[in-house]
Amino acid sequence: MAEQLPPHATLPQSAPEPPQYTLPKTFNIGRSNTQHLIRPDQLKAHLQLLAAFNNLKQRVIETESLIEGFESDSEKCWVWFVNLAVERFERWCLTIEQSDTVEQRLPPIDVTMVWHAYLLNPSWYAEDTGRISKLKPLARFTDYFPKLLANPDLLTTDAPQHERISAWEHRTKSLYDPFASAADLTHKSIECPYCYRTILSPFLQPNGKGYAQSNFSVECKCARQITKELLGLYKFAKNIVERTEPDAYLAGTLHTPSSKYNTVRGNMIKRSVVTPHFIFWTKKASDPVGQILVNVRYDVARMRTVLNKSLKPRLLNKIMGAYMDDRVFSLDLVGAVLRQASFVKKMVNLGWTEPGYFATEVDTMALQHCVARYHAFLNIMAESPASFFVPTLDIDLGWHTHQLMASRYQKDCLSLVRRYVDHDDKVEEGQLSTSFDLTCRAWNDRYHVPYMHCGCPLPGDTIGQKLRRLLSFQATSNVLLLPPKSDAGAATHPSDHNAVFALQNMSASLRCRENRTHKAEMRKLRAEQNGGAVKKDENVDHGIAFLHPVPMFYSYPGGCVATTGAVVNGGLGCAVAAARLVPQVALVLVQRKVGVELRVELGVELGVELGVELGVELGVELG
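Every chain is numbered independently, its residues counted from 1 as its sequence is written. Predicted model: local features are reported for residues with pLDDT of at least 70 only, side-chain atom pairs are reported and counted for 80 or more only, and whole-chain, interface and lining totals are derived from all residues. Based on all heavy atoms of the structure, the side-chain values leave hydrogens and waters out of the count.

Caption draft 1: The overall build of the protein, seen in detail. In terms of helices and strands, the protein carries 21 helices and 12 strands. Here the protein, with 623 residues, has 52% of them falling under the buried criterion. Here the accessible surface of atoms and residues is derived via Shrake-Rupley with a 1.4 Å probe, and residues count as covered only by protein chains that are part of the display. Accessible surface for the protein amounts to roughly 29,900 Å². Of this, 51% is attributable to carbon and sulfur atoms. Secondary structure elements are taken from DSSP: a helix is a run of H or I of four residues or more, a strand is a run of E of two residues or more, and numbering for both begins at the N terminus. Burial classes follow relative accessibility: with a 1.4 Å probe on protein chains only, a residue under 20% of its type's maximum area counts as buried, one over 50% as exposed, and anything between as partly exposed.

This is how it looks when you write it as C-alpha cells:
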C-alpha cells in the first residue's frame, strides 16, 4: 500500500521545459508585412564563407616562402595577395558568357572573397552591373547566390570538379589554386594613356613602385611615367567620349535612393559636364580621348578644377572616386576586401565561424535573434528615412547576408523601406560614433530595450546550453532579483568594422581617438587620487559588445509573437490584446565568451494578468 502523504504536501514536480522560441512567419517593416528576408541557415552559410576567408588569410600570413621580401611583414603580404585576387576576379568577370552553367564557372575562394566584398557595396554593385556592359553577364551569377547560400560548399570546397577547374584556367589564363597562381601572376597588363601601347607592370618592385604597392609608377617605352591616378583619368576620358548606352553614363550618376537605374539623371549630369567646357569639345578630333587628356595636360587636378564649375563637391567626389585606376569596376575592391577583414576577424573572435558552433536547434536560437533584430533595424530605417543608423555586429551579419542576394536586396529595400539602403563601410570614426549614439536612442525609444549590452558569461559549453540554462531558470524562478550591473552596460560605441579613417582627415580622426583615451586616463587618475572606485570607459577599453535583441513574447503553439510597438504574426491567429502571454524575455549575448543576462520586461497589454506589479523588471545574474 502506498504511503500516505501529509495533507499539506504536494508531489514533487519536474522542472518544466522552457518554451521553444521559433521565429514568427512575418515581420512588420514600415507599413508593410513581410516574410523572412533572411533565415538562420543563410546566416550559417555566410559564416562558413567568412571562416573560409579567414583560413585563406591565415594561410597567406603563415606561408613564409610565398613572396620574397615580405617574410617579416604579414600585412603587406596580405595586401599583395588581395591585389592578385582582384586581378583574378576581373579576369573572371570579363570572361563570363551568357551560356555558362553557373556551377561549372564558380570561382576559387580568393576570387569569391573579392566578389563578396563587391556585393557588400550594394549601390556600386547594382549600378556597375547595369551600367558597364562587360559586367552584365555577372548578373546571372548574382541571381544564383541564394542557391549558393543553400549549398555554401560549392564556394568553399577544396576539391572542385575537374570541369570547373578546366573552365577557369582556360578562360582566365591563370591556375585555379590561388597559391599556385601567385607564383605565376607577377605582372599586370596596362595600356599607356600617352601612346596606347600595352605594357607589363610588375605587381611588386623593390623600390615600392609595383602595381600592388602604394607608390605605383612605371615608365612606358615612350619614356612617360604612368601612375594609377593617370590611368583613372584615362578611364574617365574614355567614359566621356563613349556614346553607346549603357556605357555612356558616368559612374555614380544612375543609382539613387529611389531608382536603381535613373537614366534621366545620368543624361542630365553628363550634359552638365560636357556641354559647357571646351576641353570636351572633341567632335572634330581624330583621337577625342587623347585630345581631352592633352586639354587638361594629363593632370587630374586640372580636370577636377574644370568639373568643379558644374558639379557640387559631393557629387564630384563620388564620380571621380570611381576613376582611381584602370580596373573596370567603379569601386576600389582591394580596399573593400581589406575593410571587410575587420568584420571577419570579429566573427572569428566570437567563435561564430567555428564548424558546428550552431549545430543544434537550441544553439540556432542566437541566429534567430539576429534575424529578428535585423528586421527590427530595417523597421526603424523605414520609419525614420532621414536618419543615419549604425548596426551592431549581429545586425551587420544579417545585413551582409541580405546584400549577398543582391537582386532581392534591391527589391526588398524599395518595397519595404521605400528607398535603396546603401551599406557604407567608409564612414569616418567621429560621424560613426555620433550616429551610433543616435541609433541607440532610436532603438530604445522604439523597442524599449537597450540597443547593445554587456553582461556576464553563463556556464555551459555551447551557446544553446547557455540559453537553455537561462530559460530554465526563468521558467522555475519566482524570485525578484535586480539585474546585474556591468562595467560596459552603457556601451554605445559601434563596431570598428565600420570605423574607417578617411585619408584626408586621418590626423583629425586619430586626435579624436587619442583625446578620448587621454580623458579616460585622467578620470581614472582622479578617481584613484580621491580613493574612489575606478570606472572603466566603455568607449575606450571595451571589447566586443552587442546582441541585445528586440523584445520577443515567448508563446506556446497557437499563440503569437510581437515586437514592442509592432505586431508580427506567428502560429494560429494573432490577437495581442486578448492573448495570454508569458513575460517578455530579452536575451543578451555578450563579448568574446558568449554570456547571457536575463531581463524580463513585463508586458503592458490589456487583459494580461501577470500576477505582479507592471513595470517591475526581473533580472538575474548567472555565473
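Caption draft 2: Structural context of the pairing of strand β3 (residues 187-191). Only one face of β3 is covered, namely the face carrying K188 and I190; the face carrying H187, S189 and E191 is uncovered. The pairing criterion is simple: DSSP has to find at least two bridges between the two strands. When β3 meets strand β4 (residues 198-202), the two strands line up antiparallel, connected through five bridges. The residue bridging E191 from the neighbouring strand is T198, located in β4. Hairpin connection from β3 to β4: six residues lie between these consecutive antiparallel strands, with Y196 at a positive phi of about 70°.

Caption draft 3: The nonpolar core, seen in detail. W80, F89, W92, W115, M303 and W352 are the most contacted members of the largest nonpolar core, which totals 143 residues. The residues contacting F89, other than those within four sequence positions of it, are V111, V114, W115, Y118, F329 and L333. What makes a nonpolar core is a set of buried Ala, Val, Leu, Ile, Met, Phe, Trp, Tyr and Cys residues whose side-chain atoms join them at distances within 4.5 Å. Working rule for contacts: check all heavy atoms of both residues, and any pair within 4.5 Å makes them a contact.

Caption draft 4: Here's a closer look at the packing of helix α1 (residues 40-62) against helix α3 (residues 109-119). Two elements in contact, α1 and α3, have axes separated by 10 Å at closest approach and are oriented at 120°. Here α1 is positioned oblique relative to α3, judged by the angle of their axes. Read as a crossing pair, α1 and α3 show a hand that is left-handed. Residue-level inspection shows H46, L49, L50, A52, F53 and L56 of α1 in contact with α3, the latter providing I109, D110, T112, M113 and H116. Note on geometry: axes are C-alpha line fits, over the in-contact stretch for helices, and angles between N-to-C directions span 0 to 180 degrees. For this classification, under 35 degrees means roughly parallel, over 145 means roughly antiparallel, 65 to 115 means roughly perpendicular, and everything else is oblique. Handedness of a crossing is defined here by the sense of rotation of the near helix relative to the far one, left-handed for an anticlockwise turn of less than a right angle and right-handed for a clockwise turn.

Caption draft 5: Quick look at unusual backbone geometry. That bond from E245 to P246 is cis: its omega, 5°, falls within 30 degrees of zero. Tracing the sequence through the fold places P246 in the loop between α10 (228-241) and α11 (263-274). Positive phi outside glycine occurs at Y298, with the angle close to 55°. For Y298, the position within the fold is in the loop between α12 (288-295) and α13 (300-307). Exposure remark for Y298: the relative accessible area of 22% places this residue in the partly exposed category.

Caption draft 6: Representation of the packing of helix α16 (residues 365-383) against helix α18 (residues 406-417) in the model. Contact geometry of α16 with α18 gives a least axis separation of 10 Å together with a crossing angle of 55°. Judged by the angle between their axes, α16 and α18 are oblique. On α18, the residues that touch Y374, L378, M381 and A382 of α16 are Y409, L416 and V417. All residues other than Ala, Val, Leu, Ile, Met, Phe, Trp, Tyr, Cys, Pro, Asp, Glu, Lys and Arg, Gly among them, are scored as polar; the first ten of these are nonpolar and the last four charged. Within the contact of α16 with α18, the residues separate by chemical class into seven nonpolar, no polar and no charged.

Caption draft 7: Fine view of the pattern of salt bridges. Salt bridges, as used here, are contacts in which a Lys or Arg side-chain nitrogen is within 4 Å of a carboxyl oxygen on Asp or Glu. The full count for this structure, using the stated rule, is 17 salt bridges. One salt bridge in this structure joins D41 and R39, with 2.9 Å as the shortest N-O distance. Taking the relative accessible area as the measure of exposure, D41 reaches 36% and is therefore partly exposed. For R39, a relative accessible area of 37% corresponds to the partly exposed category. Across the pair D299 and R302 runs a salt bridge, and its minimum N-O distance is 3.8 Å. The exposure class of R302 is partly exposed, given its relative accessible area of 37%. Through salt bridges with shared partners, a single network forms among E87, E90, R91, K188 and R327.

Caption draft 8: Representation of the environment of D299 in the model. Residue placement: D299 occurs in the loop between α12 and α13. Considering only alpha carbons, one finds D299 and L233, 66 residues apart in sequence, at a separation of 7.9 Å.

Caption draft 9: Structural detail: the packing of aromatic side chains. Working definition: rings of Phe, Tyr and Trp (its six-membered ring) pair if their centres are within 6.5 Å, and the pair is stacked with planes under 30 degrees apart, edge-to-face with planes over 60 apart, and tilted otherwise. Overall, the coordinates contain 22 aromatic pairs when judged by the stated rule. Measuring from centroid to centroid gives 5.1 Å for F236 and Y323, while their planes differ by 80°, and the two rings are edge-to-face. One end of the pair, F236, is in helix α10; the other, Y323, is in the loop between α14 (313-320) and α15 (333-350), with 87 residues separating them in the sequence. Accessibility expressed as a relative area gives 1% for F236, which makes it buried. Here Y323 falls in the buried class, since its relative accessible area comes to 5%. Relative to W399, the ring of F377 has its centre 5.6 Å away and its plane inclined at 55°; by these criteria the two rings are tilted. Here F377, found in helix α16, pairs with W399, found in helix α17 (residues 393-404); they are 22 residues apart in sequence, far enough to count as distant. F377 sits in the buried class, given a relative accessible area of 0%.

Caption draft 10: How the structure looks around α13. Taken together, the buried positions of α13 are V300, M303, V306 and L307. The arc that holds the buried residues of α13, viewed along the axis, is 120°, so those residues lie on one side. Looking at the buried side of α13, the elements it contacts are α10, α11, α12 and α14. Within 3.5 Å is the distance limit for a polar contact, defined as a pair of N or O atoms, with the added protein rule that one can donate a hydrogen and the other accept it, and that residues adjacent in sequence qualify only through two side-chain atoms. With a side-chain oxygen positioned 2.9 Å from the backbone nitrogen of A301, the residue opening α13 is D299. Starting at the helix axis, one direction is taken to each C-beta atom, and the arc is that of these directions.

Caption draft 11: Seen up close, the environment of Y194. As for its position among the elements, Y194 is in the loop between β3 and β4. Judged by its relative accessible area of 24%, Y194 falls in the partly exposed class. Apart from the residues within four sequence positions on either side, Y194 is in contact with C222, R224, Q225, L230 and Y298.

Caption draft 12: Helix α2 (residues 74-94), seen in detail. Here α2 contains 21 residues, and its C-alpha end-to-end distance of 30 Å stays within 8% of the 30 Å for a straight helix at 1.5 Å per residue. Among the 21 residues of α2, 15 are classified as buried, and the element is accordingly described as predominantly covered. Working rule for helices: expected span equals 1.5 Å times residues minus one.

Caption draft 13: Here's a closer look at the confidence of the model for the protein. Per-residue pLDDT for the protein averages 76, and the proportion of residues at 70 or more is 68%. Confidence of the prediction at every residue is given by pLDDT, a number between 0 and 100. Scored below 50 in pLDDT, residues 454-458 shows 20 contacts in the model against residues more than four places distant or in partner chains. Per-residue pLDDT stays below 50 along residues 534-623; that stretch engages in 261 contacts with residues further than four places along the chain or on separate chains.

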